[in-house]
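Chain by chain, the residues:
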Amino acid sequence: MLNIKNTGTATLTIGDKTIKLPILEGSEHEKAIDIRALRKETGFITYDPGFVNTGCCKSDITYIDGEKGILRYRGYGINDLADTCEFVEVAYLLVHGTLPNKKQQTEFSEHLNNHSMLHEDMRHFFNNFPDHAHPMATLSAMAVSLSSFYPELEDTSTQENIDYKVTRLLSKMRTAAAFSYKKSIGHPIVQPRHDLTYCENFLNMMFSTPVNNYQVDPIVAKALNKLLILHADHEQNCSASVVKMVGSSEANLYASISAGICALWGPLHGGANQHVIEMLERIIEEDNGDVKKVIERAKDKNDSFRLMGVGHRVYKSYDPRAKVAKQMCKDVLAKLGTNDPLVDLAQELEEAVLADEYFQSRSLYPNIDFYTGLTYRAMGIPTNMFTVMFAIGRIPGWIAQWLEMKEDPHGRIGRPRQIYTGPTQRSIS
Ligand code: ACO
């Protein structure tokens, strides 16, 4: 671990007992009170539903300043990475800690190509999912199935094995995602090709058919590359924490990632990108585009409705990924020469959110999911695949977080405590 400092102590007094707790400081001066000895010394635990104030690890991977709207992977700003890098380079960066040199990038890309096909027996799984199966369910099942087909990759002891594992997952999950889409529309699957880049390959597997001469649009491939970079990691979010929690029991990487995919699926997390589009469609169809009415519903405490794509646990200013996604959405629509009434509605909704005291006072801004779904839509990606796109982008982050947890000398099985509030002992008679 880099730059963790012990910078003093905090004093805690409970009744007549006083204890000193170490204060830790990270490389960006984030401070934490180390409470590891708390229960042993006092008998008390902490109560923090949703882990709002709980640091579960030290990490070198991703830095977020939610107040200032900063996001960096391994020290590099998200805008710089999105503007200048290939997704594959960013995947390498997250896992290895440095951007690849030419040789490393070539080797990494070769691994990706060499492992892009799915085992034929695995391919047959797709035939047994119903056509209406959500592709996130299929993807999660495929991720855990990889552990049966490639058990030799359990070993993470050598760098070479790690690269095999990473590239297998990145490459095969992309293939599985495209296959699940083809299955859902009843089309024959399209195999990956060595002559295409990571993003081009995905688009080709999604949209090529035996009867069309599909050519990947470079605008669409470029946008996909950027979107996957925006998704690539986000420190200790819900799905990454799930991946690590599962991995902390020494379950294998594939099982851990499979669980992470399920966590990402939820509408309060990555599933929000699909729900944003569905919400916008409903506003047009059921509310005649009445943004004011929807804003009032979102503010009504007796109504469970929330604005999808708005709010974030960490960002208390504009999500820097949402800024990039918003601009990209406009660029992609302009370059493809398409109009989408949902984009106009989204902008109107955003303006209403930013001007409203309810959202201002709670620091609620559009998050990454507000504009990414609209961009995917412009690129021709079907709505139920949006969260799958997010998952493909997030795989490098999950792997990096999982590997870091494995190497952490203080790592222990994840096992929170509780405050029991049920009945005290009672007898049956
Ligand atoms: N619409 C209306 N009100 C909201 C919204 C919203 N989208 N989000 C938060 N609030 C309100 C809450 O009602 C609460 O109000 P209160 O203080 O009067 O009780 C306050 O803002 C704080 O909200 P919490 O739920 O406590 O915030 P938390 O950090 O637990 O939740 C979350 C964050 C889940 C993202 C939330 O903002 C939300 O549900 N957003 C909509 C779903 C969404 O877009 N999820 C994607 C997040 S990005 C990602 O995961 C990739």
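Our subject is the structure that appears above.
Residues take numbers from 1 onward in each chain, read along the sequence in its written order. Per-residue local features of the predicted model are confined to residues with pLDDT of at least 70, and side-chain atom pairs are confined, for both listing and counting, to 80 or more; whole-chain, interface and lining totals are unaffected and use all residues. Where side-chain values are given, they derive from all heavy atoms of the structure, hydrogens and water being excluded.

Novice: Even after reading the chapter, I still don't get the nonpolar core, so can you show me in this structure?
Specialist: In a soluble, globular protein the nonpolar side chains are often hidden away together inside. Here, nonpolar core refers to any group of buried Ala, Val, Leu, Ile, Met, Phe, Trp, Tyr and Cys residues whose side-chain atoms link them within 4.5 Å. Think of it in three bands: with a 1.4 Å probe and only protein chains considered, a residue is buried below 20% of the maximum accessible area for its type, exposed above 50%, and partly exposed in between. Membership of the largest hydrophobic core comes to 112 residues, with the highest contact counts inside it found for Tyr 73, Phe 202, Leu 280, Leu 307 and Ile 381. A per-element tally of this core places helix H18 (residues 386-407) first, with 13 residues. Any pair of residues with heavy atoms lying within 4.5 Å of one another is described as a contacting pair. For Leu 307, the contacting residues outside a window of four places in its chain are Met 279, Val 294, Ile 295, Ala 298, Leu 349, Val 353 and Phe 359. Going along the chain from the N terminus, every DSSP run of H or I of four or more residues is numbered as a helix, and every run of E of two or more is numbered as a strand.

Novice: Mind showing me how you'd approach the packing of aromatic side chains here?
Specialist: How two aromatic rings sit relative to each other is given by the distance of their centres and the angle of their planes. Pairing of aromatic side chains here covers Phe, Tyr and the six-membered ring of Trp, requires ring centres within 6.5 Å, and sorts the geometry by plane angle: under 30 degrees stacked, over 60 edge-to-face, intermediate tilted. With the rule as written, the count across this model stands at 10 aromatic pairs. Within the aromatic cluster, the residues linked to one another by ring pairs are Tyr 181, Phe 207 and Tyr 214. In this structure, Arg 174 packs its charged tip against the face of Tyr 198, placed 4.4 Å from the ring centre. By definition here, charges over rings are those cases where NZ of Lys or CZ of Arg is within 6 Å of the ring centre and within 35 degrees of the ring normal.

Novice: Whenever I open this one, a nonpolar patch on the surface confuses me. Can you help?
Specialist: On the surface, Ile 45, Tyr 47 and Ile 419 cluster together to form a nonpolar patch covering roughly 330 Å² of accessible area. As for its position among the elements, Ile 45 is in the loop between helix H1 (38-42) and strand S4 (62-65). A residue counts toward a patch only above 30% relative accessible area and without a salt bridge, and it is joined to like-charged neighbours within 9 Å or, for Val, Leu, Ile, Met, Phe, Trp and Tyr, to nonpolar neighbours within 5 Å. All accessible areas in this document rest on Shrake-Rupley with a 1.4 Å probe, and a residue is counted as covered only by the protein chains that are shown. Any carboxyl oxygen of Asp or Glu within 4 Å of a side-chain nitrogen of Lys or Arg constitutes a salt bridge here.

Novice: Could you clarify how one ought to interpret the pattern of salt bridges in this entry?
Specialist: Oppositely charged side chains can pair when the atoms bearing their charge come close. Tallied over the entire structure, the rule returns 17 salt bridges. Put simply, Arg 297 and Asp 303 hold a salt bridge, and the shortest N to O gap is 2.7 Å. Assessed through its relative accessible area of 39%, Arg 297 is described here as partly exposed. A salt bridge links Lys 326 to Glu 350, with the shortest nitrogen-to-oxygen separation between them at 3.2 Å. Highlighted residues: Lys 326 in helix H14 (residues 320-336) and Glu 350 in helix H15 (residues 341-355), separated in sequence by 24 residues. We classify Lys 326 as partly exposed; its relative accessible area is 22%. The buried category is assigned to Glu 350, whose relative accessible area is 5%.

Novice: Mind showing me how you'd approach the sheet that holds strand S2 (residues 17-25) here?
Specialist: Two pairing modes exist for strands in a sheet, parallel and antiparallel, and in both the strands are linked by backbone hydrogen bonds. Judged by pairing direction, the sheet is antiparallel, and its 3 strands sit side by side in the order S1-S2-S3 without closing on themselves. Pairing within the sheet leaves two strands with one partner each, and these edge strands are strand S1 (5-14) and strand S3 (31-33). The mean angle between the axes of side-by-side strands here comes to 30°, regardless of whether they run parallel or antiparallel. Alignment of S2 against S3, held across 3 bridges, turns out to be antiparallel. In the strand pairing of S3, Ile 23 is matched with Ile 33. Any two strands between which DSSP finds at least two bridges are classified as paired. To get an axis, fit a line to the C-alpha atoms, keeping to the stretch in contact for a helix; angles then go from 0 to 180 degrees between the N-to-C directions.

Novice: Can you help me understand the site of the ligand in this one?
Specialist: Any residue with a heavy atom lying within 4 Å of a molecule or strand is counted as near it. Every one of the 21 residues lining the ligand counts as a neighbour, but His 269, Arg 306, Leu 307, Gly 309 and Arg 313 are closest to it. Between the ligand and the protein, one listed contact pairs an oxygen atom with a side-chain N or O atom of Lys 301 at 3.0 Å. Coverage of the ligand by the protein amounts to 75% of the 930 Å² it exposes when considered alone. Classification used: nonpolar for Ala, Val, Leu, Ile, Met, Phe, Trp, Tyr, Cys and Pro, charged for Asp, Glu, Lys and Arg, polar for all others including Gly. Looking at the shell around the ligand residue by residue, the class counts come to 11 nonpolar, 5 polar and 5 charged. Polar contact criterion, stated in full: a pair of N or O atoms within 3.5 Å, where within protein one must be able to donate a hydrogen and the other to accept it, and residues adjacent in sequence count only if both atoms are side-chain atoms.

Novice: Teacher, can you tell me more about the packing of helix H12 (residues 272-287) against helix H17 (residues 368-378) here?
Specialist: The geometry of a pair of packed helices is captured by two quantities: the angle between their axes and the separation between those axes. Interaxial distance between H12 and H17 falls to 8 Å at its minimum, and their mutual angle equals 80°. If you check the angle between H12 and H17, you find them roughly perpendicular. Contact residues: Ala 272, Asn 273, Val 276, Ile 277, Leu 280 and Glu 281 in H12; Asp 369, Phe 370, Thr 372, Gly 373, Leu 374 and Arg 377 in H17. Each residue belonging to the contact of H12 with H17 can be placed in one class, and the counts come to 6 nonpolar, 3 polar and 3 charged. The cut-offs work like this: below 35 degrees is roughly parallel, past 145 is roughly antiparallel, 65 to 115 is roughly perpendicular, and the gaps in between are oblique.

Novice: Hey, could you run me through the sheet that holds strand S6 (residues 76-77) in this one?
Specialist: The 3 strands lie next to each other as S4-S5-S6, forming an open sheet whose pairing is antiparallel. Strand pairing shows two members of the sheet lacking a second neighbour, S4 and S6, which therefore form its edges. In this sheet, S6 lies alongside strand S5 (residues 70-73) in antiparallel orientation, the contact comprising 2 bridges. Paired with Tyr 73 across the two strands is Tyr 76, which belongs to S6.

Read these as layout, nothing more, since geometry by itself doesn't imply function.
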